[in-house]
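Per-entry structural report
Here's the letter readout for the chains.
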Amino acid sequence: MSEILFDVGISDEVYAKEGMSVILYVNPRMMFEITLKEGDCFTAQYGAFRHNDIIGKPYGSKVLSQNKKGFMILLPYFSELWSSCLETRTQIIFPSDIGAILGLLDARPGKLFAESGTGSASLTHAIADSIGLKRQCLEPSFEDKLKYGHVFTFEYHSLRADAARAELYKHGLAHSATVTQRDVYSNGLLPNELIDIDLKSNQLLSSLKESIDKGEGFYDGIFLDLPSPWLAFDHAAQAVKKGGVIVTFSPCLEQCLQNNEKAREIGLIVGKTVQILNREMDTKRSKMKAPCCFFVPSSTDGKRRWCCEELDLKPSLPPELDVFTQTRICPLQRTHTGFLTTFYK
Ligand SMILES: C[S@@+](CC[C@H](N)C(=O)[O-])C[C@H]1O[C@@H](n2cnc3c(N)ncnc32)[C@H](O)[C@@H]1O
């Protein structure tokens, strides 16, 4: 691998350092991502938090607000938390779908993927996190990308592409992800390195180009989250390896049908369509007063039954019967997000 420019092995870090992206965590539904900078201050409804009070603290610490009345928990960046609090520039793929997508793509170190559109790079971070071996080199050569695994992500909106590139760099993932501004319907999904180059000058590139021209493809998997994925299918079918997978995310079944029709027309194998339904639970134990009816051994015949009149037994109940586990479905949560479909070449 080429020169190690900047070791941002965030998951190996114990302390929050200046320049790092960290998460200030309140609860599963409220957290904030900040980049630590000496002298800066982050203000939320829990108070004002000085970056200087956070820099140097170990992860897992409580960080107090300036007036010491509020606190949050300091956690390192990782992609699942980040997807829950990133600044959304588009609709994004959420963690429950991300888990399934990584499984469907078989995202593992060393593999090569293409993705479009990049959008807010929620999924891009997760793929880059799964395939990169170590966050070491922020400017990998093309040979490094092939050797260590890479996701090439394509977005036609230039500001979104720039923002995604900057965030991946900040999170130390530039070694595993390349953002390219491109309209994939017209210009396809092959990396820039394989387009408009003098093939004669590079043996590796010319042999790759030759195998792509023979229909052998380049990527292990391709993910499409586009308004009309079927318009990118000819390019995706050319760019994916034989035996590779294309996964689409579509918010409605009508889109899935159009994808399937196009896929059959060009000889792709249509796999399955799944909808991931997430059900988050609130689970807690709490001490409760005796309810008006209680399931207890009867004082008269010793059998267990619901028995209101047995309430006078309450003082002699063992203490563990006073502790209830309460579970309920979280009142606010996403249900339908979209349908994921697999296609094989
Ligand atoms: C729903 S967003 C993708 C969100 C992304 N999967 C995420 O998790 O953050 C769809 C993106 O596709 C981009 N897009 C639409 N048509 C495109 C095309 N022809 N080529 C490249 N990108 C395109 C849009 O600009 C938009 O940013």
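Since the structure is predicted, the reported quantities are computational estimates derived from the model, not experimental observations.

1. Some words on the site of the ligand
- In the vicinity of the ligand, 22 residues are found, and the nearest of them are Ile93, Gly117, Gly119, Ser120 and Ser122.
- Listing elements by their share of the shell around the ligand, those giving two or more residues are α4 (122–131), β8 (150–155) and α7 (184–187).

2. So, unusual backbone geometry
- Following serine 116, the chain continues into glycine 117 via a peptide bond in cis, with omega recorded as -10 degrees.
- Here glycine 117 is to be found in the loop between β7 (112–116) and α4.
- Despite not being glycine, aspartate 106 shows a phi value in the positive range, around 55 degrees.
- Residue placement: aspartate 106 occurs in the loop between α3 (95–105) and β7.
- The backbone of alanine 121 sits at a positive phi, close to 65 degrees, despite the residue not being glycine.
- Along the chain, the position of alanine 121 falls in the loop between β7 and α4.

3. Focus: the pairing of strand β17 (residues 339–344)
- Of the pairings in the sheet, the one linking strand β11 (residues 240–250) to β17 comprises six bridges and is antiparallel in character. Each residue of the ladder has a partner; that of phenylalanine 249, found in β17, is leucine 340.
- Bridge count for strand β12 (residues 269–275) against β17 is five bridges, and the pairing is antiparallel. Looking at the pairing, valine 274 lines up with leucine 340 of β17.

4. Regarding the sheet that holds strand β2 (residues 30–35)
- Across the sheet, four strands lie side by side as β2-β1-β6-β5; this open sheet has antiparallel pairing. A single partner strand is all that each edge strand has here, and the edge strands are β2 and β5 (62–64). Taking each pair of neighbouring strands and ignoring which way they run, the sheet shows an average axis angle of 35 degrees.
- Sheet topology note: the strand β1 (residues 21–27)/strand β6 (residues 71–76) ladder contains four bridges and is antiparallel. Along β6, the bridge assignment pairs tyrosine 25 with isoleucine 73.

5. A closer look at the environment of phenylalanine 249
- Along the chain, phenylalanine 249 falls in strand β11.
- Phenylalanine 249 sits in the buried class, given 22 other C-beta atoms within 10 Å.
- Each C-alpha atom, one on phenylalanine 249 and one on proline 229, is 8.5 Å from the other, the two residues being 20 residues apart in sequence.
- Contacts of phenylalanine 249, omitting those with residues within four sequence positions, involve Ile93, Asp225, Gly338 and Leu340.

6. Re the environment of alanine 163
- Mapping alanine 163 onto the fold places it in helix α6 (residues 158–170).
- Remark: the alpha-carbon pair of alanine 163 and valine 179, spanning 16 residues in sequence, is separated by 9.7 Å.

Cut-offs used in this document
Residues numbered from 1 in each chain as written. Predicted model: local features only at pLDDT ≥ 70, side-chain atom pairs only at ≥ 80, totals over all residues. Near = placed C-beta within 6 Å. Helix = DSSP H or I, 4+ residues; strand = E, 2+ residues; numbered from the N terminus. Pairing = 2+ DSSP bridges. Axes fitted to C-alpha atoms, helices over the stretch in contact; angles between N-to-C directions. Buried ≥ 20, exposed ≤ 12 C-beta atoms within 10 Å, placed from the backbone. Contact = placed C-beta atoms within 7 Å.

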